[in-house]
Amino acid sequence: MPIIAIMGAGPGMGLAIAQTFGKEGHQVALLSRTPAKLEAVVAALADQGIEAAAFAADVLDRPSIVSGLAAVKQRFGQIDVLEYSPSNPTLPMASSTELTHDNVQIQLDFYVHGAVEAVNQVLPEMLARGSGTILFTTGASSVRPELGHDMFGNVAPAAAWLRSWAHGLHAAAAPRGVQVGHIAIGAWIGRQPGATAPEEIAPLYWDLHTHHDQAEKVFFPSDQPTS
């Protein structure tokens, strides 16, 4: 069975992505700083007949990314899909007028260096066999930075770097059989009124996984068709 590794998994988007790929026959590896908190997610997937397991990996600790993905390979075998969508609301955020070296560097480490390390653990094998998918998730300010200048002034540039790399990586890897895509989400995700349920967004990941001529999907609730 193909394997999807979700870096930064949780009970929201991570679970929805896992369900989407699991229903299409994938086994699921869930990676987070605190894998014990993923027990309920693993159980929910098991109830739906989806085999899943949780692993430790902190995107701010590059050696833990290496060991976490190595543990995934030891348990399941080769990784067919890597999805990178970590979230840590405790990291400092700042407006575009309040940037410092420290509050910029932490977001670069989180989005950029964590993603580079994760990709380096799977991309060589994907290129060698001529197949695989890498998907990155950011907020919509990576595409439209004016949306987040007040709150995400230090987040948007780091996310934009990741988006730029995703497009460049898509151009370089697609001719060699590896799909790379980027999903930008312009919505608050959750179950509360006014938020977007993660199940509304998760199909975009499958679309990018299966349509190799596309490199990006941008989700804004107002842009979605209504039934």
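Every value quoted in this text rests on a predicted model; they were computed, and no experiment measured them.

Sorry, what's going on with a nonpolar patch on the surface here?
A surface patch of nonpolar side chains, about 360 Å² in accessible area, is lined by Met93, Met151 and Trp188. Residue Trp188 is classed as exposed on the basis of its relative accessible area of 61%.

It is not clear to me how the layout of surface pockets should be interpreted in this structure. Could you clarify?
Rolled over the atoms, a probe as big as a water molecule pinpoints where empty space is left. Roughly 1,500 Å³ of internal volume is contained in the largest pocket. The set of elements that each furnish at least two residues to the lining of the largest pocket consists of helix H1 (13-22), helix H4 (101-129), strand E5 (132-139) and helix H5 (155-173). Class assignment of the residues belonging to the lining of the largest pocket gives a composition of 24 nonpolar, 18 polar and five charged.

I tried to follow the packing of aromatic side chains on my own but got confused; where do I start?
Two descriptors summarise a pair of aromatic rings, namely the distance from one centre to the other and the angle between the planes of the rings. Applying the stated rule across the entire model yields six aromatic pairs. Note on Phe55 and Phe76: the rings are 6.3 Å apart at their centroids and 70 degrees apart in plane angle, and the pair reads as edge-to-face. Residue Phe55 is located in strand E3 (residues 52-56), and its partner Phe76 is located in helix H3 (residues 62-76); the two are separated by 21 residues in the primary sequence. By the burial criterion, Phe55 is buried, and Phe76 matches it. Plain terms: the ring middles of Phe110 and Tyr111 are 5.4 Å apart, the flat faces sit at 85 degrees to each other, and that makes the pair edge-to-face.

Can you help me understand H1 in this one?
Counting along an α-helix, one turn takes 3.6 residues, and residues three or four places apart therefore face a common direction. For H1, the buried fraction is high: ten of the ten residues fall into the buried class. Within the sequence span of H1, burial applies to Met13, Gly14, Leu15, Ala16, Ile17, Ala18, Gln19, Thr20, Phe21 and Gly22.

I would appreciate a short explanation of the environment of Gly114 in the present structure.
Its location among the elements puts Gly114 in helix H4. In this structure Gly114 comes out as buried when scored by relative accessible area, which is 0%. Sequence-wise, Gly114 and Asp58 are 56 residues apart; in three dimensions their C-alpha atoms are separated by 8.3 Å. In contact with Gly114, other than residues within four places in its own chain, are Val59, Ile65, Tyr84 and Asp109.

When you look at the sheet that holds strand E7 (residues 216-219) in this model, what are you seeing that I'm missing?
Within the open sheet, the seven strands sit side by side as E3-E2-E1-E4-E5-E6-E7. Their pairing is parallel. Of all the strands in the sheet, the pair left with one neighbour each is E3 and E7. When the angles between neighbouring strand axes are averaged without regard to direction, this sheet yields 15 degrees. Across eight bridges, E5 lies against strand E6 (residues 178-185) in parallel orientation. Across the sheet, residue Gly132 finds its bridge partner in E6, namely Val178. The strands touched by H1 are strand E1 (3-7), strand E2 (27-32), strand E4 (81-84) and E5; relative to E1, the strand with the most contacts, the crossing angle is about 170 degrees. Set on the sheet, H4 makes contact with E1, E4, E5 and E6; between it and E4 the angle comes to about 175 degrees.

Thresholds applied
Residues numbered from 1 in each chain as written. Predicted model: local features only at pLDDT ≥ 70, side-chain atom pairs only at ≥ 80, totals over all residues. Heavy atoms only, no water. Patch = residues over 30% accessible without salt bridge, like charges linked within 9 Å, V, L, I, M, F, W, Y side chains within 5 Å. Areas by Shrake-Rupley, 256 points an atom, 1.4 Å probe, with all protein chains shown as cover. Salt bridge = Lys/Arg side-chain N within 4 Å of Asp/Glu carboxyl O. Buried < 20%, exposed > 50% of the residue type's maximum accessible area, 1.4 Å probe, protein only. 1 Å grid on protein atoms, 1.4 Å probe; cavity = no way out; pocket = protein on both sides within 12 Å on 5 of 7 lines; lining within 4 Å. Points joined across faces, edges and corners; volume = space filled by probe spheres on them. Helix = DSSP H or I, 4+ residues; strand = E, 2+ residues; numbered from the N terminus. Nonpolar A, V, L, I, M, F, W, Y, C, P; charged D, E, K, R; others polar. Phe/Tyr/Trp six-rings, centres within 6.5 Å; stacked < 30°, edge-to-face > 60°. Contact = heavy atoms within 4.5 Å. Pairing = 2+ DSSP bridges. Axes fitted to C-alpha atoms, helices over the stretch in contact; angles between N-to-C directions.

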